[in-house]
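# Fold and contact review
Below, each chain spelled out in residue letters.
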Amino acid sequence: MGLLDGKTGLIFGVANKRSIAWAIAQALSREGMRLAFTYQGERLKDGVDSLANTLPDSLVLPCDVTNDAEIDSVFASVDKELGRLDALLHSVAFAPREDLENDFVNTSREGFKTAHDISAYSLVALTRAALPLFEKSGGGSVCALTYYGAEKAVEGYNLMGVAKASLEACVRYLAANLGPRNVRVNAISAGPVNTLAARGIKGFTSMLHHHAERAPLRRNVELEEIGNAGLFLLSPMSSSITGEIMFVDSGYNIVGL
Ligand code: NAD
């Protein structure tokens, strides 16, 4: 018997086997949850298909989170195929490379809008679209992914830090708004891990070294550890936790000097 037998989840943000979303999906599936996945653009379809096919009864659908029609169509398909929804994972972020690499003061208006649309507003849009399906399950749990650069100015993180601050505020406002409907909304603030998105951050490799040296546990986090934290937040194990930003970072955030 798995902890999540009979429950269903929808996963946004798998690009490849190094994606945090894939680590969380594997943990959810291990406990018996049936999963639907989305992919952004045809380029990623085959990769996501072949990962999803390793899990029982999975569903794979296209969705660019900037496109409202695609969002509607994903939730219509999930309704038809799965009939309910218990968990929603938002593991999606983007900022134009030049806006990450330039001095922060030179952030462009367009880049600012794009980063906030994809990395923060999409959490609101996806959670809203999930509500009718959560209702069928008597409630739901939403989990997003964030980073310490939302709270502190981290060199090289720039515009993405501002978008993550917005995402974290969205987590709290959604949690306050939807708690009465038994919908919980939380985020994992993950320590750095080497993924496709991370490679867009200038100096990422030295960030990894610095983190491993300074964190109380003296090492970086493993994808599997973020997977297990996602499982916790998306399962009834965390049933009275909402609006939280939970660090999974080997303790890095608690250190001063
Ligand atoms: P990743 O590249 O594997 O995942 C990012 C995902 O965002 C990809 O699947 C990509 O297709 C998707 N995406 C981007 N724009 C999109 C759009 N318009 N529509 C739909 N999907 C879109 O990298 P990851 O590191 O697994 O990132 C997942 C989440 O974790 C992100 O929110 C990221 O900011 C966060 N995070 C990552 C780290 C890290 O060090 N890797 C640390 C903390 C938080």
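As a starting point, this report considers the structure included with it. (Residues numbered from 1 in each chain as written. Predicted model: local features only at pLDDT ≥ 70, side-chain atom pairs only at ≥ 80, totals over all residues. Heavy atoms only, no water.)

### Re the sheet that holds strand 3 (residues 59–62)
- The strand order across the open sheet formed by seven strands is 3-2-1-4-5-6-7, and the pairing between neighbours is parallel. Only two strands of the sheet have a single neighbouring strand rather than two, namely strand 3 and strand 7 (245–248). The sheet shows a mean angle of 20 degrees between the axes of neighbouring strands, taken without regard to direction.
- On top of the sheet, helix 5 (residues 109–137) reaches strand 1 (8–12), strand 4 (87–90), strand 5 (140–146) and strand 6 (183–190); it is set at about 170 degrees to strand 4, its chief contact.
- The sheet strands contacting helix 6 (residues 158–178) are strand 4, strand 5, strand 6 and strand 7, and the helix crosses strand 5 at an angle near 165 degrees. (Pairing = 2+ DSSP bridges. Helix = DSSP H or I, 4+ residues; strand = E, 2+ residues; numbered from the N terminus. Axes fitted to C-alpha atoms, helices over the stretch in contact; angles between N-to-C directions. Contact = heavy atoms within 4.5 Å.)

### A closer look at the packing of aromatic side chains
- Inspection of every chain in the model, using the stated rule, returns five aromatic pairs.
- Seen from their ring centres, Tyr 148 and Phe 247 are 6.3 Å apart, and the 70 degrees between their planes marks the pair as edge-to-face. One end of the pair, Tyr 148, is in the loop between strand 5 and helix 6; the other, Phe 247, is in strand 7, with 99 residues separating them in the sequence.
- Judged by its relative accessible area of 14%, Tyr 148 is buried.
- Classification of Phe 247 as partly exposed rests on a relative accessible area of 24%.
- These aromatic residues form a ring-pair network of at least three members: Tyr 148, Phe 247 and Tyr 252. (Phe/Tyr/Trp six-rings, centres within 6.5 Å; stacked < 30°, edge-to-face > 60°. Buried < 20%, exposed > 50% of the residue type's maximum accessible area, 1.4 Å probe, protein only.)

### Description of unusual backbone geometry
- Even without glycine at this site, Asn 182 takes up a positive phi of about 60 degrees.
- Mapped onto the fold, Asn 182 is located in the loop between helix 6 and strand 6.
- Positive phi, normally seen in glycine, also occurs at Arg 218, with a value near 55 degrees.

### Some thoughts on the pattern of salt bridges
- The full count for this structure, using the stated rule, is seven salt bridges.
- Of the charged contacts, one joins Glu 101 and Arg 97 as a salt bridge, the two residues approaching to 3.3 Å between their closest N and O atoms. Separated by four residues within a single helix, Glu 101 and Arg 97 lie in helix 4 (residues 97–101), roughly one turn from each other.
- Look at Arg 97 and you get partly exposed, because its relative accessible area is 48%.
- The closest approach of N and O atoms between Arg 181 and Glu 135, which form a salt bridge, is 3.7 Å. Within this pair, whereas Arg 181 is found in the loop between helix 6 and strand 6, its partner Glu 135 is found in helix 5, the two being separated by 46 residues in sequence. (Salt bridge = Lys/Arg side-chain N within 4 Å of Asp/Glu carboxyl O.)

### Details of the side chain of Ser 238
- Tracing the backbone shows Ser 238 in the loop between helix 8 (223–233) and strand 7.
- Given a relative accessible area of 1%, Ser 238 falls into the buried group.
- Look past the residues within four positions of Ser 238 in its chain and what remains in contact with it is Arg 184, Phe 232 and Leu 233.

### Details of the pairing of strand 5
- Burial within strand 5 is extensive, with seven of its seven residues counted as buried.
- Going residue by residue along strand 5, you find Gly 140, Val 142, Ala 144 and Thr 146 tucked away on one face and Ser 141, Cys 143 and Leu 145 tucked away on the opposite face as well.
- In this structure, strand 4 lies alongside strand 5, joined through four bridges in parallel fashion. Considered in strand 5, the bridge of His 90 is made with Ala 144.
- Where strand 5 lies against strand 6, seven bridges are found, and the strand directions are parallel. Within the sheet, the bridge partner assigned to Thr 146 lies in strand 6 and is Ser 189.
- Crossover strand 5 to strand 6 through helix 6 is right-handed. (Right-handed = clockwise from strand over helix to strand, strands pointing away.)

### Topic: the packing of helix 3 (residues 68–82) against helix 5
- In contact at an axis separation of 10 Å, helix 3 and helix 5 are set at 15 degrees when each is read in the N-to-C sense. On the basis of the axis angle, helix 3 is roughly parallel to helix 5. Judged by the twist between their axes, the crossing of helix 3 over helix 5 is right-handed. Judged by residue contacts, Ile 71, Phe 75, Val 78 and Asp 79 of helix 3 engage Ala 125, Leu 126, Ala 129, Ala 130, Leu 133 and Lys 136 from helix 5.
- For the contact of helix 3 with helix 5, the class distribution of residues is eight nonpolar, no polar and two charged. (Parallel < 35°, antiparallel > 145°, perpendicular 65-115°, else oblique. Left-handed = near helix turned anticlockwise from the far one by under 90°. Nonpolar A, V, L, I, M, F, W, Y, C, P; charged D, E, K, R; others polar.)

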